[in-house]
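Fold and geometry: a report
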Amino acid sequence: MYDIIIIGGGPAGVTAALYSLRANKKILILEKDSFGGQITYSPLVENYPGTLRMSGDEFADRMLDQITALGAEFELETAVSISPEKDIFTVKTEEGCSYSSRCVIIAAGVEHRMLGVPGEYELVGNGLSFCAVCDGTLYKDKTAAVVGGGNSALQEAILLSELCRGVIVVQNLDYFTGEKRLADKLMNKPNVKAVFGTVVKSFLKNGEELSGLRLVNEATGEESEIAVDGLFVAIGLLPKNSCFSNVAELDGAGYFLSGENCRTRTPGIFCAGDCRVKSVRQLTTAVGDGATAALAACDYLDGFGD
Ligand SMILES: Cc1cc2nc3c(=O)[nH]c(=O)nc-3n(C[C@H](O)[C@H](O)[C@H](O)COP(=O)(O)OP(=O)(O)OC[C@H]3O[C@@H](n4cnc5c(N)ncnc54)[C@H](O)[C@@H]3O)c2cc1C
């Protein structure tokens, strides 16, 4: 029996583990893929206070070393359900195991919606990114493309237009779906061009690195190539929280509803990081949630919470 089971070994989950271990709680972290979460896809982290420049992999390794030294227990398994019974939660995994605890912190993050173009996973970190705030400076004075036409894509493109020599926005529809004020602001930039009714057909590469895009106009079938140094895919995020909706409420987009205290509607169940409703999804906000959720869980276990 654990005090706390943490679902997800990304920055939020690892920080929750750090705070829980320092409060002498017995914890288990379940991670389905690789410890570190999304940040392992980042070639360079430059916006984490105290960390000047570091690869996402190194950032993840350091986080993991820190909690391993404190005695964290891990399993590389995918949590698929949480069943409450009295004050105990049983977490079942896809691999067929069951673990019990008095609290659960769900820190399952999000996945970025991909284009479905062959070879895109290999390009993540080699020219393909999802976050202009994170990776925009890699393309300073270079040319970047943004795929998407909603608010996120427009915001990414506006930010890139301040850094890049040129920005090309590729949108499958004949119009932007984001707010008009953002679209107007973007299209007033002299270094921005938009290509409508068009999708990415394939990637052009120079060695491992992205060097351009082959585009196809969906109405005419006409193909063209553009040279780009970077591609930002901004076609939405996919939270994978629905299997836990029996214990925590989700909003319409599938994110956990919680207050800033990271509590859910079920006493003993907490959520942290990108998987919950929030306005900024970054390392700093994920680790802040991890700390908040862990301390709230400790209070609950020690009889000071719900
Ligand atoms: C390419 C890229 C570059 C980025 N660069 C930066 C940057 O430079 N600076 C910055 O501040 N932010 C950056 N970000 C954003 C940052 O990585 C995220 O905001 C942060 O990782 C969120 O942390 P998290 O722990 O909430 O979620 P995640 O990092 O998504 O971690 C969640 C973890 O949970 C695991 N998981 C999910 N479901 C289950 C389950 N059912 N069972 C077990 N495990 C599960 C996942 O495998 C994952 O490891 C970047 C993101 C990307 C994609």
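Thresholds applied
For every chain, the first residue of the written sequence is number 1, and numbering continues from 1 onward in sequence order. A pLDDT threshold of at least 70 governs which residues receive local features in this predicted model, and a stricter bar of 80 or more applies before side-chain atom pairs are shown or counted, although totals over entire chains, interfaces and linings include all residues. The side-chain values count all of the structure's non-hydrogen atoms but skip hydrogen atoms and water molecules. Labels follow the DSSP assignment, with helices taken as runs of H or I lasting at least four residues and strands as runs of E lasting at least two, numbered in each case from the N terminus. For each residue, the accessible area found with a 1.4 Å probe, counting protein chains only, is set against the maximum for its type, and the residue is called buried under 20%, exposed over 50%, and partly exposed in between. For this purpose, a residue is taken to be near a molecule or strand whenever a single non-hydrogen atom of the residue falls within 4 Å of it. Two N or O atoms form a polar contact when they lie within 3.5 Å of each other; inside protein one atom must be a possible hydrogen donor and the other a possible acceptor, and for residues adjacent in sequence the pair counts only when both atoms belong to side chains. For the accessible areas, the method is Shrake-Rupley and the probe is 1.4 Å, while residue cover comes only from the protein chains on display. Residues are sorted three ways: Asp, Glu, Lys and Arg are charged, Ala, Val, Leu, Ile, Met, Phe, Trp, Tyr, Cys and Pro are nonpolar, and all the rest, Gly among them, are polar. Where each domain starts and ends comes from a domain assignment, either automatic or drawn from a database. For two strands to pair, DSSP has to find at least two bridges joining them. Each salt bridge in this description consists of a side-chain nitrogen of Lys or Arg and a carboxyl oxygen of Asp or Glu lying within 4 Å of one another. As used throughout, the charge tally considers Lys and Arg to be positive and Asp and Glu to be negative, leaving His and the chain termini uncounted. Should any heavy atoms of two residues lie within 4.5 Å, those residues are counted as being in contact. Our working definition of a disulfide is a cysteine sulfur pair at a distance within 2.5 Å. Orientation is described by lines fitted to C-alpha atoms, with helices fitted over the stretch in contact, and by angles between N-to-C directions that extend from 0 to 180 degrees.

Once that is clear, we can look at unusual backbone geometry. For Asn24, which is not glycine, the phi torsion reads 65 degrees and is therefore positive. Relative to the assigned elements, Asn24 resides in the loop between α1 (11-22) and β2 (27-30). With relative accessibility at 71%, the residue Asn24 sits in the exposed group. The phi angle at Cys262 is positive, at roughly 65 degrees, despite the residue not being glycine. Within the element layout of this structure, Cys262 appears in the loop between β16 (237-239) and β17 (269-271).

Turning our eyes to something else, we now look at the site of the ligand. Of all residues adjacent to the ligand, which total 36 residues, the nearest are Glu31, Gln38, Asn47, Asp274 and Leu283. Within the backbone of Ala79, one N or O atom sits 2.9 Å away from a nitrogen atom of the ligand. Interatomic distance of 3.2 Å between a side-chain N/O atom of Gln282 and an oxygen atom of the ligand. Its free accessible area being 1,000 Å², the ligand has 96% of it covered by the protein chains. If you list the elements that add at least two residues to the shell around the ligand, you get α1, β7 (110-112), α4 (132-135) and α7 (283-301). Looking at the shell around the ligand residue by residue, the class counts come to 16 nonpolar, 13 polar and seven charged. Both of domain 1 (2-112 + 237-301) and domain 2 (120-233) provide at least three residues apiece to the shell around the ligand.

As defined by bridge partners, strand β1 (residues 2-7) adjoins strand β6 (residues 98-106) across five bridges and the pair is classed as parallel. When the sheet's bridge partners are listed, Ile7 is paired in β6 with Ile106. Counting the residues in the hairpin turn of strand β5 (residues 88-93) and β6 gives four residues, including Gly96, whose phi is positive at 95 degrees. In the sheet, β6 pairs with β17 via three bridges, with the strands oriented parallel. By the bridge assignment, Val104 is partnered in β17 with Ile269.

Moving on: the pattern of salt bridges. Tallying each qualifying case throughout the model produces 16 salt bridges. Linking Glu111 and Lys32 is a salt bridge whose minimum nitrogen-to-oxygen distance equals 3.1 Å. Here Glu111, found in strand β7, pairs with Lys32, found in the loop between β2 and α2 (56-69); they are 79 residues apart in sequence, far enough to count as distant. Exposure remark for Glu111: the relative accessible area of 31% places this residue in the partly exposed category. Residue Lys32 is classed as partly exposed on the basis of its relative accessible area, which comes to 49%. Salt bridges sharing common partners tie together Lys201, Arg214, Glu223 and Glu225.

By the secondary structure assignment, Glu77 is in the loop between β3 (73-75) and β4 (79-85). Despite its burial, Glu77 remains without a salt bridge, the nearest opposite charge being carried by Lys92 at 12 Å. For Glu77, the side chain forms a polar contact with the side chain of Thr93, separated by 2.6 Å. Engagement of the side chain of Glu77 in a polar contact is seen with the side chain of Tyr99, the distance being 2.7 Å. Ignoring sequence-local partners within four residues, the contact set of Glu77 consists of Leu30, Glu31, Lys32, Thr93, Glu95, Cys97 and Tyr99.

Let's shift gears to the side chain of Glu120. Within the element layout of this structure, Glu120 appears in helix α3 (residues 120-123). For the buried Glu120, no salt bridge exists, and the shortest N-O distance to an oppositely charged side chain is 11 Å, to Arg113. For Glu120, the side chain forms a polar contact with the main-chain nitrogen of Leu115, separated by 2.9 Å. Looking at Glu120, its side chain comes within polar contact range of the main-chain nitrogen of Gly116, at 2.5 Å. In contact with Glu120, not counting residues within four places along its chain, are Met114, Leu115, Leu128 and Phe203.

Further remarks concern the state of the cysteines. Per the stated rule, a full pass over the model turns up one disulfide. A sulfur-sulfur separation of 2.1 Å characterises the disulfide bridge that pairs Cys131 with Cys134. The sign of the 70 degrees torsion about the S-S bond sets the Cys131-Cys134 disulfide as right-handed. Of the residues examined, Cys131 reaches a relative accessible area of 17% and is grouped as buried. No disulfide involves Cys97; its sulfur sits 16 Å from that of Cys243, the nearest cysteine.

With that settled, consider the sheet that holds strand β13 (residues 209-217). Here we have three strands laid out as an open sheet, ordered β12-β13-β14, and antiparallel in their pairing. Whereas interior strands pair on both sides, the edge strands pair on one side only; in this sheet they are β12 (198-206) and β14 (223-227). With strand direction ignored, the average angle separating the axes of adjacent strands in the sheet is 25 degrees. As judged from the eight bridges shared by β12 and β13, these two strands associate in the antiparallel manner. Across the sheet, Val200 pairs through a bridge with Leu215, a residue of β13.

All we've got here are geometric facts, nothing functional implied.
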